[in-house]
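# A structural walkthrough
Given next are the chains, with one letter for each unit.
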Amino acid sequence: MILLLCAGAIAIALVTSLMLSLPALARPTLPFGVRVGLQRAGDPAIVAARRLYTRLTVLVAVIAAVALILVLAATGSAVAIGLAVTAVTVVDLLVFYRAHRMVRAAKLAGGWAAERRQGVTVDTSFRTDPVRVPWSYGLPALALLLLTAGVGWARYGGLPATLPLSFGYGTAAAPRTPTTVLSAFQPVIYQIAVTLVVLVATLAVLRARPDLDAARPQGSARRYRVYLRGVAVMLLLSAACVNLSLFFAGLRLWEVVTPSIVWEVAVFVPLIVLLGGWPTWAIKVGQAGHRLPALPGEELEDTGVGQREDDRHWFLAGALYANRRDPALLVHARLGPSSWTLNLGHPIAWLLLGVLAVALIVLAGLALAGVVDLPQRHSLL
């Protein structure tokens, strides 16, 4: 009971902290996903929206915690934790959207968009001299992949006829699966998939259109370069953390180590480091790098030009973007300090989403046919 209460409290606290950090890490010119001029960053309407959002978010967490205590005392079911976390997330997102609507209403009522001449900032050096992939930071992930493959190959000949069903970090006691190349090398297969996905994401992010500030073109361009390199480094190090976790899982699957609580914890330690590293880095740099230290004179930079009004192309408080006239396929999202989103006005975006949908449907079909096993069908050890 006490452990369930602690787990529920931690989960609610994590969700609440994440939601409170969204407006805090956003650029001053993008409060709650609304584009405002530099001169309006501290407007009373925005300050009021932030205060109300903070109070309501904390209130939701308190109510959820009290409700969770009562439900756990009555039922003792761990399902209550998942329901509480889901409810907190949904309500917090609705509160965030309410704050978004408040700021947008104040912007429209006050005519903020007409206060400055609108424009865009283009820095062609991002094409002629793009931010390079920091390949050296990808070496740990590659080394761990090769190490895992080597250990698996060395153990393959001595494995028993059947293995516990593996799906990444966990194994199922029953049923066991015949020892084949696919079943034995699943940790390596997952590592290959993770490494390739991270590499593609890194290349896509580095080639995406930079989101610069028309009021501070030089300072925002310099910061964005530093920010982009940091994102690439964090992505490559994230692959290393995931691969290390899968390496530990592989040692357990191949019976290289004796199953114990130490190895059960060790499998998830790299993931915990990963989950802690991203927020720490995001707090330091901020959305699009606006928190990075300014060089002398950059804080005083102001061209008098406001960023082009494009709120009508953003939906769900800056999470989705759709603009048929914009040739960019990937754009920096307004929701979240380090997130990108597809331009749903671009036909290739729908092609990619269609391919993903087909892949999920095929996977679901194979699962129903019994060709592949999904984690939900088994219990973790």
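Just so you know, these numbers come straight off a predicted model, no measurement behind them.

## Thoughts on the overall build of the protein
Counting its secondary structure elements, the protein contains 10 helices and eight strands. Here the C-alpha coordinates of the protein stretch approximately 75 × 60 × 40 Å along the principal axes. Burial analysis of the protein (381 residues in total) assigns 42% to the buried set. A separation of at least 24 residues holds for 72% of the contacts in the protein among residues at least 6 apart in sequence. In the structure as shown, the protein presents an accessible area of about 20,200 Å², 72% of it carried by carbon and sulfur atoms. Of note, the protein has its 32 positive side-chain charges centred 2 Å away from the centre of its 18 negative side-chain charges.

## Here we look at the nonpolar core
Of all hydrophobic cores here, the largest spans 28 residues; its most connected members are Ile12, Phe32, Tyr53, Leu68 and Phe96. Beyond its immediate chain neighbours, meaning those up to four positions away, isoleucine 12 contacts Ala61, Ala64, Ala65, Leu68, Ala84, Val85 and Val88. With 25 residues, the next largest nonpolar core counts Val131, Val205, Leu235 and Trp340 among its residues.

## So, the packing of aromatic side chains
Considering all chains together, one arrives at 12 aromatic pairs under this definition. These aromatic residues form a ring-pair network of at least three members: Phe126, Tyr224, Tyr227, Trp278, Trp281 and Trp340. For the cation-ring pair, arginine 225 lies above phenylalanine 126, with the distance from its terminal atom to the ring centre recorded as 4.7 Å.

## Some thoughts on the side chain of histidine 100
Looking at where histidine 100 falls in the secondary structure, it is placed in helix H3 (residues 79–110). Separated by 2.7 Å, the side chain of histidine 100 and the backbone oxygen of phenylalanine 32 make a polar contact.

## Description of the confidence of the model for the protein
In this model, the protein carries a mean pLDDT of 88, and residues with pLDDT of at least 70 account for 93%. Overall, residues 373–381 carries pLDDT values under 50, and its contacts beyond four positions in sequence, including any with other chains, amount to 20 contacts.

## Notes on helix H2 (residues 44–75)
The terminal C-alpha atoms of H2, which comprises 32 residues, lie 46 Å apart, in line with the 46 Å expected from a rise of 1.5 Å per residue. Of the residues making up H2, those classed as buried are Ile46, Ala49, Tyr53, Thr57, Val60, Ala61, Ala64, Leu68 and Leu72. At its buried positions, H2 is contacted by helix H1 (2–25) and H3. The N-capping residue of H2, defined by a side-chain oxygen 2.9 Å from the backbone nitrogen of alanine 45, is aspartate 43.

## Focus on unusual backbone geometry
Of note, the phi angle at leucine 316 is positive, near 55°, even though the residue is not glycine. Residue leucine 316 is classed as exposed on the basis of its relative accessible area of 56%. One non-glycine residue, alanine 317, adopts positive backbone phi at about 60°. By the element assignment, alanine 317 lies in the loop between strand S5 (314–315) and strand S6 (320–321).

## Things to note about the packing of H1 against H3
Closest axis-to-axis distance for the H1/H3 pair is 10 Å, and the angle between their directions is 15°. The angle between the axes of H1 and H3 places the two elements in the roughly parallel class. Here the hand of the crossing between H1 and H3 comes out right-handed. Here Leu4, Ala7, Gly8, Ala11, Ile12, Val15, Thr16, Met19, Leu22 and Pro23 of H1 come into contact with H3, specifically with Ile81, Ala84, Val85, Val88, Thr89, Asp92, Leu93 and Phe96. Class assignment of the residues belonging to the contact of H1 with H3 gives a composition of 14 nonpolar, three polar and one charged.

## Details of the side chain of threonine 341
With respect to the element layout, threonine 341 can be found in strand S8 (residues 340–342). Note on threonine 341: relative accessible area 9%, which makes it buried. At 3.4 Å, the side chain of threonine 341 forms a polar contact with the backbone oxygen of alanine 319.

## Focus on the pattern of salt bridges
Opposite charge on two side chains lets them pair, provided their charged atoms get close. Inspection of the entire model under this criterion finds 15 salt bridges. Arginine 132 is the partner of aspartate 129 in a salt bridge, and the nearest nitrogen-oxygen pair spans 3.9 Å.

## Examining a nonpolar patch on the surface
Judged by side-chain polarity, Ile261, Val262, Val265, Val269 and Val273 come together as a nonpolar surface patch covering roughly 460 Å² of accessible area. Note on placement: valine 269 falls in helix H9 (residues 261–285). Residue classification places valine 269 among the partly exposed residues on the basis of a relative accessible area of 39%.

## Quick word on the packing of helix H5 (residues 139–156) against helix H8 (residues 217–253)
One way to put it is that H5 packs onto H8 with a least axis distance of 8 Å and a crossing angle of 15°. In terms of orientation, H5 and H8 fall into the roughly parallel class. Considering the relative orientation of H5 and H8, their crossing is left-handed. Side by side, H5 and H8 meet where Pro140, Ala141, Leu144, Leu145, Leu147, Thr148 and Val151 of the first sit next to Leu236, Ala239, Ala240, Asn243, Leu244, Phe247 and Leu251 of the second. Residues of the contact of H5 with H8, tallied by class, amount to 12 nonpolar, two polar and no charged.

## What to know about the environment of serine 245
Take serine 245: it is sitting in helix H8. For the pair serine 245 and valine 197, spaced 48 residues apart in sequence, the C-alpha separation works out to 17 Å. Within the structure, the side chain of serine 245 is placed 2.2 Å from the backbone oxygen of valine 267, a separation counted as a polar contact.

Calculation rules
- Residues numbered from 1 in each chain as written.
- Predicted model: local features only at pLDDT ≥ 70, side-chain atom pairs only at ≥ 80, totals over all residues.
- Heavy atoms only, no water.
- Helix = DSSP H or I, 4+ residues; strand = E, 2+ residues; numbered from the N terminus.
- Buried < 20%, exposed > 50% of the residue type's maximum accessible area, 1.4 Å probe, protein only.
- Contact = heavy atoms within 4.5 Å.
- Areas by Shrake-Rupley, 256 points an atom, 1.4 Å probe, with all protein chains shown as cover.
- Lys, Arg positive; Asp, Glu negative; His and termini not counted.
- Charge placed at Lys NZ, Arg CZ, Asp CG, Glu CD.
- Core = buried A, V, L, I, M, F, W, Y, C linked by side-chain atoms within 4.5 Å.
- Phe/Tyr/Trp six-rings, centres within 6.5 Å; stacked < 30°, edge-to-face > 60°.
- Lys NZ or Arg CZ within 6 Å of the ring centre and 35° of its normal.
- Polar contact = N/O pair within 3.5 Å; in protein donor to acceptor, adjacent residues only side chain to side chain.
- pLDDT = per-residue confidence, 0-100.
- Expected span 1.5 Å × (residues − 1).
- Axes fitted to C-alpha atoms, helices over the stretch in contact; angles between N-to-C directions.
- Parallel < 35°, antiparallel > 145°, perpendicular 65-115°, else oblique.
- Left-handed = near helix turned anticlockwise from the far one by under 90°.
- Nonpolar A, V, L, I, M, F, W, Y, C, P; charged D, E, K, R; others polar.
- Salt bridge = Lys/Arg side-chain N within 4 Å of Asp/Glu carboxyl O.
- Patch = residues over 30% accessible without salt bridge, like charges linked within 9 Å, V, L, I, M, F, W, Y side chains within 5 Å.

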